[in-house]
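# Tertiary structure, described
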Amino acid sequence: MDAIKSFEDIFQQRIDDEQKIEARDWMPDAYRKSLIRQISQHAHSEIVGMLPEGNWISRAPSLKRKLALLAKIQDEAGHGLYLYSATETLNISREELIEQLHSGKAKYSSIFNYPTLTWADIGAIGWLVDGAAIMNQVALCRTSYGPYARAMVRICKEESFHQRQGYDILLTMCRGSKEQKDMVQDAVNRWWWPSLMMFGPNDDASPNSTQSLKWKIKRLSNDELRQRFVDMTVPQAEILGIKLPDPLLSYNVERGHYDFGPIDWDEFYQVLAGNGPCNKERMVARIKAHKEGAWVREAAMAYAEKQKQKRVKTVA
Ligand code: FAQ
């Protein structure tokens, strides 16, 4: 006689069979919690990630660049909203999620705690930060939780435009004056290592990876994704004619991959602890925006209530 299977076993079997888990399905509490943690932090990253680039909207060098940057930043807002909605399907309210961000309980990507000093930084963000984000997010299109996977498909399409607009900014500058090319080199020197940190700690120091990979929340490990990103980016840097700031970067014929130097994990953990160059500034800006937007939320609620009353009257 077959042994009676536990809910956990049936759940794992569904994951192993590549079935998507939907909001109404039974799931282990730890799976739900891990998803809330990851998807909400992803949503917060999209929203906080608007700030470093928002700083340059009024200083974009041409109308065309300004339009592209505005569209990109609006896309990030949209990504945040899809991801908050996906998180809400896991039985947590938007208010609670925002509170977790503002109180520091929930993290957002370390990368958005660095300043954007010149226009070349906007190019470097598109090329490196969006490039790293896509590498991670393409894999997440196959994540086991249906609402997250579906949000990722649309997000990835938009991110690839973001990456190209960044690369196009850098290519234009690299074909310009020496000062412009120097500006690109300086921006890439500052954004390269923080971009590699976006993938999270090395696999042997990543507490969530083993379970997340088993549940197929994550499809590839932090180090696998980081390696793919380096392999993709080095030839693109060569086309730009700029040097990536890593003396140990070299192609390893045996491995068929680029080797790269050690990441400064002290810096990463300092940023996570709130001590990055812009952590405080970012949180002050988000909390201010949330407070100033209170009237919009109240107006929307009042309008929804009015519509509800109208419907009740019509039915009566
Ligand atoms: N920053 O055990 P693991 C974007 C935390 S979207 C801050 O390896 P996990 C678009 C991690 O949360 C960028 N914290 O964790 C855009 C955990 O802490 P916890 C965001 C980090 O979850 C572009 C602890 O360290 N993308 O850029 C970071 O298995 C341009 C231990 O780490 C996503 O969120 C970090 N870099 O793997 C917008 C993608 N790395 O939560 C505007 C979805 C790790 O236990 C402009 N997320 N931590 O307290 C993921 O794929 C995963 O959550 C990882 C981390 C890979 C980020």
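Above this text you will find the structure in question.
Residues numbered from 1 in each chain as written. Predicted model: local features only at pLDDT ≥ 70, side-chain atom pairs only at ≥ 80, totals over all residues. Heavy atoms only, no water.

## Observations regarding the environment of M135
Mapped onto the elements of the fold, M135 is located in helix α6 (residues 119-140). A residue is classified by how much of its surface remains accessible, and M135, at 16% relative accessible area, is buried. Linking M135 and M183, residues 48 residues apart in sequence, is a C-alpha distance of 26 Å. If we ignore the near neighbours within four places in the chain, the residues touching M135 are F199, L225, R228, F229 and M232. (Helix = DSSP H or I, 4+ residues; strand = E, 2+ residues; numbered from the N terminus. Buried < 20%, exposed > 50% of the residue type's maximum accessible area, 1.4 Å probe, protein only. Contact = heavy atoms within 4.5 Å.)

## Structural notes on the packing of α6 against helix α7 (residues 146-174)
Remark: α6 packs on α7, axes separated minimally by 7 Å, with the N-to-C direction vectors making an angle of 150°. Classified by the interaxial angle, the pair formed by α6 and α7 is roughly antiparallel. Between α6 and α7 lies a crossing of left-handed hand. Of the residues that constitute the contact of α6 with α7, the class distribution is 17 nonpolar, nine polar and two charged. (Axes fitted to C-alpha atoms, helices over the stretch in contact; angles between N-to-C directions. Parallel < 35°, antiparallel > 145°, perpendicular 65-115°, else oblique. Left-handed = near helix turned anticlockwise from the far one by under 90°. Nonpolar A, V, L, I, M, F, W, Y, C, P; charged D, E, K, R; others polar.)

## Points about the side chain of E158
Among the secondary structure elements, E158 is positioned in helix α7. Overall, the relative accessible area of 18% leaves E158 in the buried class. Beyond its immediate chain neighbours, meaning those up to four positions away, E158 contacts D75, H79 and Y82.

## Comments concerning the site of the ligand
Taken together, 35 residues sit near the ligand, with R37, K107, S110, S206 and K218 positioned nearest. At a separation of 2.9 Å, an oxygen atom of the ligand approaches a polar backbone atom of N208. Within the side chain of N222, one N or O atom sits 2.8 Å away from an oxygen atom of the ligand. The fraction of the free accessible surface of the ligand (1,100 Å²) that becomes covered by protein chains is 90%. Secondary structure elements with two or more residues in the shell around the ligand: α2 (29-48), α4 (63-88), α6, α7 and α11 (265-275). Classifying every residue of the shell around the ligand by side-chain character gives 13 nonpolar, 13 polar and nine charged. (Near = heavy atom within 4 Å. Polar contact = N/O pair within 3.5 Å; in protein donor to acceptor, adjacent residues only side chain to side chain. Areas by Shrake-Rupley, 256 points an atom, 1.4 Å probe, with all protein chains shown as cover.)

## Describing helix α8 (residues 178-197)
In this model α8 runs 30 Å from its N-terminal to its C-terminal C-alpha over 20 residues, within 8% of the 28 Å that 1.5 Å per residue would give. By the largest-angle criterion, W191 marks the main kink of α8, which is about 35°, and a proline, P194, follows within four residues. All buried positions along α8 are accounted for by V184, A187, V188, W191, W192, W193, P194, S195, L196 and M197. Turning to α8, the residues buried within the fold contact α6, α7, α10 (222-240) and α11. (Expected span 1.5 Å × (residues − 1). Bend = angle between axes of the 7 residues up to and from the residue.)

## Quick notes on the nonpolar core
In summary, soluble globular proteins display a tendency toward joint burial of nonpolar side chains. Formed by 51 residues in total, the largest nonpolar core has its most connected members in W127 and W191. Every element with two or more residues in this core is listed here: α4, α6, α7, α8, α10 and α11. With 11 residues, the single largest contributor to this core is α6. Those residues in contact with W127, other than ones at most four positions away along the chain, are Q163, G166, Y167, L170, V188, T233, Q236, A237, L240, I242 and L244. (Core = buried A, V, L, I, M, F, W, Y, C linked by side-chain atoms within 4.5 Å.)

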